[in-house]
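# Chains, contacts and geometry: an overview
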Amino acid sequence: MSQMLALVILTLILFIGDLVAVRTKAWVPSIFICAILFLVGYWTFFPADIVAVAGVPPVVATMMMYLLITNMGTLLSIKELKTQWKTIVIALSGILGIVVVLLSVGTLIFGFETMVVAIPPLVGGVVSALIMSDAAGEAGLSSLAVFAIVIYVIQGFAGYPITSFVLKKEGKRLLKLYRNGELQVDVTDKAKEEIAATVEAAPSRWRLPEKYNTDFLKFFKLALVSYAAYLVSTLVAPLFSISPFVLCLLFGVIASSVGFLEKQALQKANGFGIAILVLMLFIFDGLNQATPSMMLQILYPLVGTIVIGVIGMYIFSFIAGKILGVSKNMAFAVSLTALYGFPADYIITNEVIKSLTEDEKEREALTSRMLPPMLVGGFITVTIVSVILAGIFVGFL
């Protein structure tokens, strides 16, 4: 198979996934459709190394992971996180519930290694799934390498309907309070400003004049910060092991806070789309080892892991919500963002609000109370905590 034919086929698969997601309003995740098409391809006519043939060898994917995770760190807004501190505590509580229940009950049922591989992808996105899949593959655990990817592919099916259900209950409660005059909400631009706080421009004291602020300068800064993270991880290796990807996240936050990196630097350098393309192709490349018998073998631990994890999430988020005075439905919804993150959290919340009322003021009232915590919850769980967990759990394999 030629390189360009391989690239055409793979990009077509990714487009079909997006097409189905758009047509179903994200109820059928694009990654699920893509995974099925990749499996069908591998079981029929795909060469096992089709992703590498298309021009995405592992070394290129690793480079993109460094840049993407560093870029993730630039999204952190201290202002918004301070405003939504209760949301952060609840989101972390939900993740703690997954970790505690799966490492206890889950380990007894499915084994320790299976749970170690499952947890980071379950509370995160493509990056954490890829980290754990690579680690399992290097440890000679081929079925668990596939398991990490399949968890990432399937988790949304549990998250979407449950989130929609609990958000509708929360929305109806808030709507009743609002109509009775018992709920005071800020429907001015302040709420929109809070939502937008995660993409504010960084301070300009480190910037060169705009005419010199080219795409290559943005890439250079991202690469420099990523390299600094890599260097620190190697320097501290004799003392303790820490994933360079975790440090990339931390260094991205620091570099953004002091103004060295712009917010969403990779997007502004016009490199975000190709980076995501590379990572998505590389993570689906992990399915080339998945035989039909292996898929049947991991089906039981897959369903069991998600069910047990969601139960643990509900228990811990309920307790945290009770302590902080947040309704159980809102607390659970915030925790559930770990199963999909952005933009699904944004889409689901807006769809629920639109389904509850036609009145524009009521929609604005619901949006101001429901959307900010959902966005912050998704950012904390998928963007930050899942990468940190993956960096830690890799050491257990």
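Residues numbered from 1 in each chain as written. Predicted model: local features only at pLDDT ≥ 70, side-chain atom pairs only at ≥ 80, totals over all residues. Heavy atoms only, no water.

What follows concerns the overall build of the chain. Helix and strand counts for the chain stand at 18 helices and zero strands. Counting over 397 residues, the chain shows a buried share of 55%. In the chain, the proportion of contacts linking residues at least 24 apart, taken out of those at least 6 apart, comes to 83%. Accessible surface computed for the chain: about 17,800 Å², of which carbon and sulfur atoms make up 68%. (Helix = DSSP H or I, 4+ residues; strand = E, 2+ residues; numbered from the N terminus. Buried < 20%, exposed > 50% of the residue type's maximum accessible area, 1.4 Å probe, protein only. Contact = heavy atoms within 4.5 Å. Areas by Shrake-Rupley, 256 points an atom, 1.4 Å probe, with all protein chains shown as cover.)

Counting 124 residues, the largest nonpolar core has Phe38, Val127, Phe284 and Leu287 as its most contacted members. If you tally residues by element for this core, the top one is helix 9 (residues 142-179), at 16 residues. Apart from residues lying up to four places away in sequence, Leu287 is in contact with Ala35, Phe38, Leu39, Tyr42, Val146, Ile149 and Val150. (Core = buried A, V, L, I, M, F, W, Y, C linked by side-chain atoms within 4.5 Å.)

Turning our attention to the packing of helix 6 (residues 85-110) against helix 16 (residues 328-336). Viewed as axis vectors pointing N to C, helix 6 and helix 16 meet at an angle of 65°, and their least axial separation amounts to 8 Å. With respect to helix 16, the element helix 6 is oriented roughly perpendicular. Handedness of the helix 6/helix 16 crossing: right-handed. Where helix 6 approaches helix 16, its residues Thr87, Ile90, Ala91 and Gly94 are matched on the opposing element by Ala331, Val334 and Ser335. Here the residues of the contact of helix 6 with helix 16 sort into four nonpolar, three polar and no charged. (Axes fitted to C-alpha atoms, helices over the stretch in contact; angles between N-to-C directions. Parallel < 35°, antiparallel > 145°, perpendicular 65-115°, else oblique. Left-handed = near helix turned anticlockwise from the far one by under 90°. Nonpolar A, V, L, I, M, F, W, Y, C, P; charged D, E, K, R; others polar.)

Here we take up the confidence of the model for the chain. For the chain, the average pLDDT comes to 83, and 90% of its residues sit at 70 or higher. Per-element confidence in the chain is highest for helix 11 (residues 215-235), whose mean pLDDT is 94, and lowest for helix 10 (residues 189-195), whose mean pLDDT is 50. Contacts of residues 198-202 to residues separated by more than four positions or lying in other chains number 17 contacts, the stretch itself having pLDDT below 50. (pLDDT = per-residue confidence, 0-100.)

Another point: a nonpolar patch on the surface. A cluster of nonpolar side chains, contributed by Leu296, Leu299, Val303, Val307, Ile311, Tyr314, Ile315, Phe318, Ile319 and Ile323, occupies part of the molecular surface with about 940 Å² of accessible area. Along the chain, Phe318 turns up in helix 15 (residues 292-324). Its relative accessible area of 32% is what places Phe318 among the partly exposed residues. (Patch = residues over 30% accessible without salt bridge, like charges linked within 9 Å, V, L, I, M, F, W, Y side chains within 5 Å. Salt bridge = Lys/Arg side-chain N within 4 Å of Asp/Glu carboxyl O.)

Phi at Gln264 takes a positive value of approximately 50°, unusual for a residue other than glycine. Inspection of the secondary structure puts Gln264 in the loop between helix 12 (244-257) and helix 13 (265-268). A relative accessible area of 23% means that Gln264 is categorised as partly exposed. One non-glycine residue, Asn270, lies in the positive phi region at around 60°. Examined against the element boundaries, Asn270 turns out to sit in the loop between helix 13 and helix 14 (272-285).

The next point concerns the packing of helix 4 (residues 58-73) against helix 14. Between two packed helices, what matters for the description is the angle formed by their axes and the separation of those axes. In contact at an axis separation of 9 Å, helix 4 and helix 14 are set at 130° when each is read in the N-to-C sense. Judged by the inter-axis angle, helix 4 sits oblique to helix 14. The way helix 4 lies across helix 14 gives a crossing that is left-handed. Facing Pro58, Val60, Ala61, Met64, Met65, Leu68 and Asn71 of helix 4, the residues of helix 14 in contact are Phe272, Ile274, Ala275, Ile276, Val278, Leu279 and Phe282. Within the contact of helix 4 with helix 14, the residues separate by chemical class into 13 nonpolar, one polar and no charged.

All right, on to the environment of Val376 then. Looking at where Val376 falls in the secondary structure, it is placed in helix 18 (residues 360-393). Considering only alpha carbons, one finds Val376 and Ala91, 285 residues apart in sequence, at a separation of 8.8 Å.

This next bit is on the packing of aromatic side chains. According to the stated counting rule, one finds nine aromatic pairs in the structure shown. Plain terms: the ring middles of Phe38 and Tyr42 are 6.1 Å apart, the flat faces sit at 40° to each other, and that makes the pair tilted. Of the two residues, Phe38 and Tyr42 both sit in helix 2 (residues 30-43), four residues apart, roughly one turn of that helix. For Phe38, a relative accessible area of 0% puts it in the buried group. Using a relative accessible area of 11% as the deciding quantity, one classes Tyr42 as buried. With 5.2 Å between their ring centres and 70° between their planes, Phe110 and Tyr300 make a pair best called edge-to-face. (Phe/Tyr/Trp six-rings, centres within 6.5 Å; stacked < 30°, edge-to-face > 60°.)

On to helix 4, then. Taking 1.5 Å of rise per residue, 16 residues should cover 22 Å, and helix 4 covers 23 Å from first to last C-alpha, within 8% of that figure. Along helix 4, the residues classified as buried are Ala61, Met64, Met65, Tyr66, Leu67, Leu68, Ile69, Thr70, Asn71, Met72 and Gly73. (Expected span 1.5 Å × (residues − 1).)

Another aspect to go through is the side chain of Thr337. Among the structural elements, Thr337 can be located in the loop between helix 16 and helix 17 (344-356). We classify Thr337 as buried; its relative accessible area is 0%.

Among the nine residues in helix 16, eight count as buried, and that is most of the element. Taken residue by residue, helix 16 has Asn329, Met330, Ala331, Phe332, Ala333, Val334, Ser335 and Leu336 as its buried positions.

A word on the pattern of salt bridges. One pass over the full model with this rule turns up four salt bridges. Of the charged contacts, one joins Glu262 and Lys268 as a salt bridge, the two residues approaching to 3.7 Å between their closest N and O atoms. Classification of Glu262 as buried rests on a relative accessible area of 9%. According to the relative accessible area criterion, Lys268 is partly exposed, its value standing at 37%.

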